[in-house]
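Structural overview for review
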Amino acid sequence: MSQTLSTPAADGFRMPAEWEPQQQIWMLWPERPDNWRFGAKPAQAAFCQVALAIADYQQVSIGVSAAQYDNALARLSHANIRVLELSSDDAWMRDTGPTFVINAAGAVRGIDWAFNAWGGLQGGLYWPWQRDDQVARKVLAIEHLPRYRTDDFILEGGAIHVDGEGTLLTTAECLLNNNRNSHLSPAEVEQYLRDYLNVSTIIWLPEGLYNDETDGHIDNFCCFARPGEVILAWTDDTSDHNYARCRTALAVLNSSTDAQGRQLKVHKMPLPSPIYATKQECDGVDIVLGSQPRSPDIRLAGSYINFLIINCAIIAPSFNDPMDTIAKSILHEIFPDREIVMVPGREILLGGGNIHCITQQQPK
Ligand code: KQY
């Protein structure tokens, strides 16, 4: 694995859309007891359900510590699943794994963004994060793929979505947050996105979903469905903290054109009813100074937008909510050529994210 000193755009590489053909999906095994209740055992079961659902369609590689290697291997026995020893600080492959880029000849490379655990010492979610920051490099080494490293630019994969045709969606709440790249102006942040992802149009939503621990990652709030079409989390409940966020985002999307000059079609995806952790769920999480406190009073950022597109299917979270059926039928209408597979998402949500956050697609 070599480090490439140029930038992807200069070398003719671009980030493909999630619906473009994929080689495999990368994941990590959850273990830390100050994030996942009861020693991460329920979370491990939830991650297994996600990995096995994906493996029905395509290859999955999952990184796990030496201590948990045998356990993960035994629970993920499937011809399409490869279990690899790979240390990390937690299990958010979307954010710590590489962002893959491709060129017209079909070559694949990876971007290894600097990572600071969603805000470093200014509101970050734990310390240290050194092993997480090494995940992208290790994945690219395993795959023998060239690596672009941005030592001076922090980004998590969940903070961006692209349409593969020059348009990027993100939120100012996250990417312009002082706890990420305070040394850069908004124009300089945009230049990094253009240079590394080869995009020409950047659509900034002011905020993501209310109470998202990541400072409003786009992947929990709004995503592309295909070029020219986006799906936005939605509520009509005026008392919901997300009410103003959704309307402001819709206004931005309605007044935006994408890189190809198209007006965006916006599909609304209803939010599940507000979700809170129970006291028992919170009590199962170790209390560690510097880690995210857990309380039954804190609304969790549950959203059906946090789904993963794979080659022939959509893997989406369900929340044991009547809205699950509606969300599934909306996804079915938007993606008629893909099977819609719902996997319980509550346990992953308790840890601070969902299916999109724990997966990363590697393009063909
Ligand atoms: O992408 C994500 N949603 C990661 C969230 C990390 C939460 C750690 N408690």
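Report on the accompanying structure.

Reading the values: the criteria
- Residues numbered from 1 in each chain as written.
- Predicted model: local features only at pLDDT ≥ 70, side-chain atom pairs only at ≥ 80, totals over all residues.
- Heavy atoms only, no water.
- Near = heavy atom within 4 Å.
- Polar contact = N/O pair within 3.5 Å; in protein donor to acceptor, adjacent residues only side chain to side chain.
- Areas by Shrake-Rupley, 256 points an atom, 1.4 Å probe, with all protein chains shown as cover.
- Nonpolar A, V, L, I, M, F, W, Y, C, P; charged D, E, K, R; others polar.
- Helix = DSSP H or I, 4+ residues; strand = E, 2+ residues; numbered from the N terminus.
- Buried < 20%, exposed > 50% of the residue type's maximum accessible area, 1.4 Å probe, protein only.
- Core = buried A, V, L, I, M, F, W, Y, C linked by side-chain atoms within 4.5 Å.
- Pairing = 2+ DSSP bridges.
- Axes fitted to C-alpha atoms, helices over the stretch in contact; angles between N-to-C directions.
- Contact = heavy atoms within 4.5 Å.
- Phe/Tyr/Trp six-rings, centres within 6.5 Å; stacked < 30°, edge-to-face > 60°.
- Lys NZ or Arg CZ within 6 Å of the ring centre and 35° of its normal.

Concerning the site of the ligand
Around the ligand, the surrounding shell holds 13 residues, and the nearest of these are Asn35, Asp95, Glu213, Gly351 and Gly352. Residue Asn35 places a side-chain N or O atom 2.6 Å away from a nitrogen atom belonging to the ligand. At 2.6 Å from an oxygen atom of the ligand is found a side-chain nitrogen or oxygen belonging to Asp95. Contact with the protein chains covers 98% of the free accessible surface of the ligand, which is 300 Å². For the shell around the ligand, the residue count by class is four nonpolar, six polar and three charged.

Description of the environment of Ala301
In this fold, Ala301 is placed in the loop between β14 (299–300) and β15 (308–309). Under the relative-accessibility criterion, Ala301 is labelled buried at 11%. For the pair Ala301 and Leu271, spaced 30 residues apart in the sequence, the C-alpha separation amounts to 9.5 Å.

Quick notes on the nonpolar core
Met27, Ile54 and Ile348 are the most contacted members of the largest nonpolar core, which totals 50 residues. Looking at this core, the elements that each hand over two or more residues are β1 (22–28), α1 (41–55), β2 (59–64), β3 (81–85), β4 (99–102), α4 (130–142) and β16 (313–318). Per-element tally for this core: the top contributor is α1, with nine residues. Residues Trp19, Ile203, Ala233 and Leu264 belong to the second largest nonpolar core, which totals 44 residues.

Concerning the sheet that holds β4
Pairing within the open sheet is mixed, and its three strands lie in the order β4-β5-β6. Each end of this open sheet is capped by a strand with a single partner; those strands are β4 and β6 (147–154). Adjacent strand axes in the sheet meet at a mean angle of 30° when their direction is disregarded. In terms of strand pairing, strand β5 (residues 108–114) meets β6 through five bridges, oriented parallel. If you follow Trp113 over to β6, its bridge partner there is Thr150. In the packing of helix α7 (residues 186–197) onto the sheet, the strands contacted are β4, β5 and β6, and the crossing angle to β6 comes to about 175°.

Some details on the sheet that holds β2
An order of β3-β2-β1-β18 is seen for the four strands of this open sheet, with the pairing classed as mixed. Edge positions in the sheet fall to β3 and β18 (360–363), since each of these pairs with one other strand and no more. The mean angle between the axes of side-by-side strands here comes to 25°, regardless of whether they run parallel or antiparallel. When β2 meets β3, the two strands line up parallel, connected through five bridges. Opposite Ser61, over in β3, you have Arg82 as the bridge partner. Packed onto the sheet, α1 meets β1, β2 and β3 and runs at close to 170° relative to β1.

Topic: the pairing of strand β11 (residues 229–234)
Residues in a regular strand point their side chains to alternate faces of the sheet. Extensive coverage of β11 is indicated by the burial of six of its six residues. Of the two faces of β11, the one carrying Glu229, Ile231 and Ala233 and the one carrying Val230, Leu232 and Trp234 are both buried. Pairing analysis gives four bridges linking strand β10 (residues 222–226) to β11, with the strands arranged antiparallel. Of the residues in β11, the one forming a bridge with Cys222 is Leu232.

Considering the packing of aromatic side chains
Under the definition given, this model contains ten aromatic pairs. An angle of 80° between the planes, with centres 5.6 Å apart, marks the rings of Trp118 and Tyr126 as edge-to-face. Each of the two residues, Trp118 as well as Tyr126, counts as buried. Three or more aromatic residues link up through ring pairs in this structure, and these residues are Trp113, Phe153, Tyr192 and Tyr196. Seen from the ring of Tyr126, Arg32 lies directly overhead, with NZ or CZ sitting 4.0 Å from the centre. Positioned above the aromatic ring of Trp234, the side-chain terminus of Lys268 is 4.3 Å from the ring centre.

Looking at the environment of Arg226
As for its placement among the helices and strands, Arg226 is situated in strand β10. Separated by 109 residues in sequence, Arg226 and Phe335 have C-alpha atoms that sit 9.1 Å apart. Other than its neighbours up to four places away in sequence, Arg226 contacts Trp19, Ile334, Phe335 and Pro336. Within the structure, the side chain of Arg226 is placed 2.5 Å from the backbone oxygen of Ile334, a separation counted as a polar contact.

Remember that the coordinates give geometry; whether it matters functionally is a separate question.
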